[in-house]
Amino acid sequence: MGGSTVAVAIYLGLDSSTQSVTATAIEAGDGGRRTILFERSFRYDEAMPEYGTRYGVLPSSDPTIVHAPPLMWSHALDRMIDELVRDADVDWSALRAISGSAQQHGSVYVNALARGRLGSLEPGLPLVEQIGDLFSRRTSPIWMDSSTSFDCGAMETALGGPRALANLTGSRAFERFTGPQIRKFAREDPDGFASTDRVHLVSSWLASLLAGRHVAIDPGDGSGMNLMDLAHKRWAPDALRAVAPGLEAKLPPIEDSWSVAGTLSPYWTKRYNLPPARVVVWSGDNPCSLVGTGLVSEGLVAVSLGTSDTIFGIMPTPRPSQDGTGHVFASPTGAYMGMTVFKNGSLARERIRDAYGMSWADFSAALGRTPPANQGRTLLPWFDPEITPLVLTPGVRRHQIDASDADANVRGVVEAQMMALALHSRWMGVRIRKIYATGGAAANRDILQVMADVFEAEVLQLETGNSAALGAALRAFHADRLADGRPLPWEEVIAGFVTPKSDSKLKPHAGHVAAYKKLIETYAERERAGIS
Ligand code: ADP
Ligand code: XUL
């Protein structure tokens, strides 16, 4: 395929997220034609009940331990491709390249059998029947896991303290980051670690399945490990040593986010009659969302209201958070991105919604019935252990809100989340005037109005809520053009694909802004008191 010019090219972006898998296909013609062909999604819990997950994770009696089955993510990839090729409306012979996005930090441990097996999968048999014996750890710790405080402490001590680790890797040690997670595994199950030939991220594992060989980790997702030298985008030997002896030999290499890892392996081309499309290295969901929300230059930020709530924006040069709040990641555009992450996002909103037997429409109506700033009443929404700020013992802390007052609780959870987003993005040093909202809950304009009022910023919805899958498709497009020797600047890659919805702009109300300016300081105090 390399070098040939086709009139219309199709690019596929896959997003393997916490609760679901999504595929977005785009068409990019030479004559400037740009269309999102389709988006398709299914949830693991519903589509694959045999794995026993709830919200995409395995049941656990310890709230700090959160794992998911890597076989399920692999199976879901196969099933999604199967569903896509049945879609008669798409001419898959025009598929030029595939890339992907995955929940960050989660690690997949495979044994040496994978080396040969990845490239020799039998097209006549389903994938899931051929890879079950490749995992040297049957379950994968994911980003919601917070059981590695001991290993975080050990890594920070070995590297000269939290600030030194942040300056080297972009973040102080965080419980969910892959380095501390690998350290814990090597310590608790030395035999399992010894039989591990490769430690992948979810992103690099799924890319490996497509390409039929072990594929690299990109600097975007590599930044979520506490193991990568952020300035040089290569493994940091001191950090690897602080995790486990021999780790370097078990890690894939780090390669640019626009690297072509190969073409679709015979399993995919023969089983599904697909062309040998280029497989572009995958990245994390937040780095992909940066592209899929069009944040390819400085000045704008996006807030993603998915399973996690995240806030991020591009940073031309890395300025790690000196107070240990957030992260600097490499951006898949080659620059950097600043980001803060909250675990109690959509599932906390759902907990409140479900506790009072509401629908999303009822939830919105409750926001409509209650005054902004909730008469000074707040709650701390820590249903699960929280990442920002670090809270390992979960529990909702209410201030003057009666647990039986449904409306006040609805307003309380949304205001808490928006104030926490605003407070804990201050370290980025950006005056936020405009926010692109994405993720499942960005469909809810009543939630976004609270965001606009708390941030005193305009909030816009995008044409697609699936910015991670779209970002992956756009990355495939960018990398394919580059590999053909016809590179496009990022502004041209995203043009026509990443558009705010017309009439979607929400503006802050002056009176509400004033109320939140007061409340946010009270909230900050209650948060500090709530942690201790
Ligand atoms: P992820 O990619 O992390 O799996 P999504 O971005 O797909 O998650 O978001 C899924 C979440 O979106 C659901 O858990 C649900 O709580 C939330 N959601 C969907 N529709 C609405 C709505 N109308 N109002 C608020 N939240 C919503
Ligand atoms: C990012 C993070 C989450 C996951 C899941 O640091 O932990 O946003 O990527 O989406």
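Reference entry: report on the structure contained in this document. (Residues numbered from 1 in each chain as written. Chains lettered and ligands numbered in written order. Predicted model: local features only at pLDDT ≥ 70, side-chain atom pairs only at ≥ 80, totals over all residues. Heavy atoms only, no water.)

Okay, the overall build of the protein next. When you go through the protein residue by residue, the secondary structure sums to 21 helices and 21 strands. Referenced to the eigenvectors of the C-alpha coordinate spread, the extents of the protein come out at roughly 65 × 55 × 45 Å. Taking all 532 residues of the protein together, 64% fall into the buried category. Counting only carbon and sulfur atoms, one obtains 51% of the accessible surface of the protein, whose full area is about 18,600 Å². Side chains of the protein give 52 positive and 58 negative charges; the mean places of these two sets differ by 3 Å. (Helix = DSSP H or I, 4+ residues; strand = E, 2+ residues; numbered from the N terminus. Buried < 20%, exposed > 50% of the residue type's maximum accessible area, 1.4 Å probe, protein only. Areas by Shrake-Rupley, 256 points an atom, 1.4 Å probe, with all protein chains shown as cover. Lys, Arg positive; Asp, Glu negative; His and termini not counted. Charge placed at Lys NZ, Arg CZ, Asp CG, Glu CD.)

The next thing to look at is the site of ligand 1. Near ligand 1 you find 14 residues, and of these Ser17, Thr307, Glu350, Gly440 and Asn444 are the closest. Between ligand 1 and glutamine 19, the relevant distance is 3.2 Å, taken from an oxygen atom to a side-chain nitrogen or oxygen of the residue. Here a nitrogen atom of ligand 1 sits 3.1 Å away from a polar atom, N or O, in the side chain of asparagine 444. Expressed as a share of its isolated accessible area of 580 Å², the protein-covered part of ligand 1 is 77%. Split by residue class, the shell around ligand 1 holds three nonpolar, ten polar and one charged. (Near = heavy atom within 4 Å. Polar contact = N/O pair within 3.5 Å; in protein donor to acceptor, adjacent residues only side chain to side chain. Nonpolar A, V, L, I, M, F, W, Y, C, P; charged D, E, K, R; others polar.)

To continue, consider the sheet that holds strand β14 (residues 301-305). Strand pairing within a sheet occurs via backbone hydrogen bonds; the two strands may be parallel or antiparallel. Within the open sheet, the six strands sit side by side as β16-β17-β15-β14-β20-β21. Their pairing is mixed. Looking at which strands have only one partner, the edges of the open sheet turn out to be β16 (327-330) and β21 (458-461). The average angle at which neighbouring strand axes cross in this sheet is 30 degrees, direction not considered. As paired strands, β14 and strand β15 (residues 309-315) are joined by five bridges and run antiparallel to one another. (Pairing = 2+ DSSP bridges. Axes fitted to C-alpha atoms, helices over the stretch in contact; angles between N-to-C directions.)

Turning our eyes to something else, we now look at the pairing of β14. Judged by how many residues are buried, β14 sits mostly within the fold: five of five residues are covered. Residues Val301, Val303 and Leu305 of β14 are buried on one face, and the alternating residues Ala302 and Ser304, pointing to the opposite face, are buried as well. Hairpin geometry of β14 and β15 is characterised by an intervening segment of three residues between the two adjacent antiparallel strands.

Bringing the nonpolar core into the picture now. Core analysis: the biggest nonpolar cluster contains 97 residues, and Leu12 and Leu14 have the highest contact counts within it. Ranked by residues supplied to this core, first place goes to helix α2 (residues 70-85) with eight residues. Among the nonpolar cores identified, the runner-up in size contains 83 residues, and Leu230, Ala239, Leu379 and Phe383 belong to it. (Core = buried A, V, L, I, M, F, W, Y, C linked by side-chain atoms within 4.5 Å.)

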